[in-house]
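Residues per chain are reported as follows:
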Amino acid sequence: MALMDSRSQNVTDPIFHFAETRPEAPALIEGHRTVNYRDLASLVAKASVYHANLGIEPGHRVCVSMTNSINHFVLSLGLLRLGATLMAAPYTPQQPPALTTLAKFGIRMVFLEPGVPAPMGYRAQAVDPSTLLDTIGALSGDRRFSGSG
């Protein structure tokens, strides 16, 4: 297996490395669903475009407060690929992350489960888990951030 050059990596680059060297190997497993590295790399690249289309830019601080799942992982990796800074907040049904926490970390946008109210004063995106991967999968491209982390 070829070694990767770690001097100028985006944190998501290992996924793309394994997509080339071990495309059929399982990358994520959730219940009966398995995503291989080839499909994960494609989803992560497209998720970076999804985030850019929402106006998220490198350096923006974004909170993901969702159930641990493939959706959560793909959204998070897409943010990192784009160069955004990720804050994962514990998911609580019907309650967004605390305003004091969001303010403390300078969060610009919050991703939430459907039905969770948007935190007052913050841009929020409800994520429908039943359609998210189809929405992302319909996109094309990659917005890999190449600057220093």
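Treat the numbers as computed from the prediction; the structure is a model and nothing was measured.

In this structure, what is going on with the pattern of salt bridges? I would like to understand it.
Proximity of charged atoms lets side chains of opposite charge pair with each other. As enumerated under the stated definition, the model contains five salt bridges in all. Residues Glu24 and Arg38 are paired through a salt bridge, measuring 2.4 Å at the closest nitrogen-oxygen approach. Highlighted residues: Glu24 in the loop between helix 1 (13-21) and strand 1 (26-30) and Arg38 in helix 2 (residues 37-53), separated in sequence by 14 residues. What makes Glu24 exposed here is its relative accessible area of 53%.

Would you take a moment to explain the sheet that holds strand 3 (residues 61-65) for this structure?
Note: strands within a sheet are paired through backbone hydrogen bonds, in either parallel or antiparallel orientation. The four strands lie next to each other as 4-3-5-6, forming an open sheet whose pairing is parallel. Each end of this open sheet is capped by a strand with a single partner; those strands are strand 4 (85-88) and strand 6 (123-126). Looking at each pair of strands side by side, their axes are set apart by 25° on average, direction ignored. Direction of pairing for strand 3 relative to strand 5 (residues 109-112): parallel, over a ladder of four bridges. By the bridge assignment for strand 5, Ser65 is matched with Leu112.

Explain the pairing of strand 1 to me, please; I cannot follow it from the model alone.
A regular strand carries its side chains on alternate faces of the sheet. Where strand 1 meets strand 2 (residues 33-36), four bridges bridge the pair, whose relative direction is antiparallel. The partner of Ile29 across the bridge, within strand 2, is Thr34. A loop of two residues connects strand 1 with strand 2, the two strands running antiparallel in sequence, and Gly31 in this loop sits at a positive phi of about 60°.

Please explain the packing of aromatic side chains as it appears in this structure.
A ring pair, where both rings are aromatic, is described by two values, the distance of the centres and the angle of the planes. According to the stated counting rule, one finds one aromatic pair in the structure shown. Where Phe18 meets Tyr37, the ring centres are 5.2 Å apart and the plane angle is 45°; that geometry is what we call tilted. Here Tyr37 lies in helix 2 and Phe18 lies in helix 1, a separation of 19 residues in the sequence. Given the relative accessible area of 22%, Phe18 is considered partly exposed. In this structure, Arg81 packs its charged tip against the face of Phe16, placed 3.7 Å from the ring centre.

How do you make sense of the pairing of strand 5 when you look at a structure like this?
Across the two faces of strand 5 the burial is the same, with Met109 and Phe111 and Val110 and Leu112 all buried. Where strand 5 and strand 6 come together, four bridges link them in parallel fashion. The residue of strand 6 that forms the bridge with Met109 is Arg123.

Cut-offs applied
Residues numbered from 1 in each chain as written. Predicted model: local features only at pLDDT ≥ 70, side-chain atom pairs only at ≥ 80, totals over all residues. Heavy atoms only, no water. Salt bridge = Lys/Arg side-chain N within 4 Å of Asp/Glu carboxyl O. Helix = DSSP H or I, 4+ residues; strand = E, 2+ residues; numbered from the N terminus. Buried < 20%, exposed > 50% of the residue type's maximum accessible area, 1.4 Å probe, protein only. Pairing = 2+ DSSP bridges. Axes fitted to C-alpha atoms, helices over the stretch in contact; angles between N-to-C directions. Phe/Tyr/Trp six-rings, centres within 6.5 Å; stacked < 30°, edge-to-face > 60°. Lys NZ or Arg CZ within 6 Å of the ring centre and 35° of its normal.

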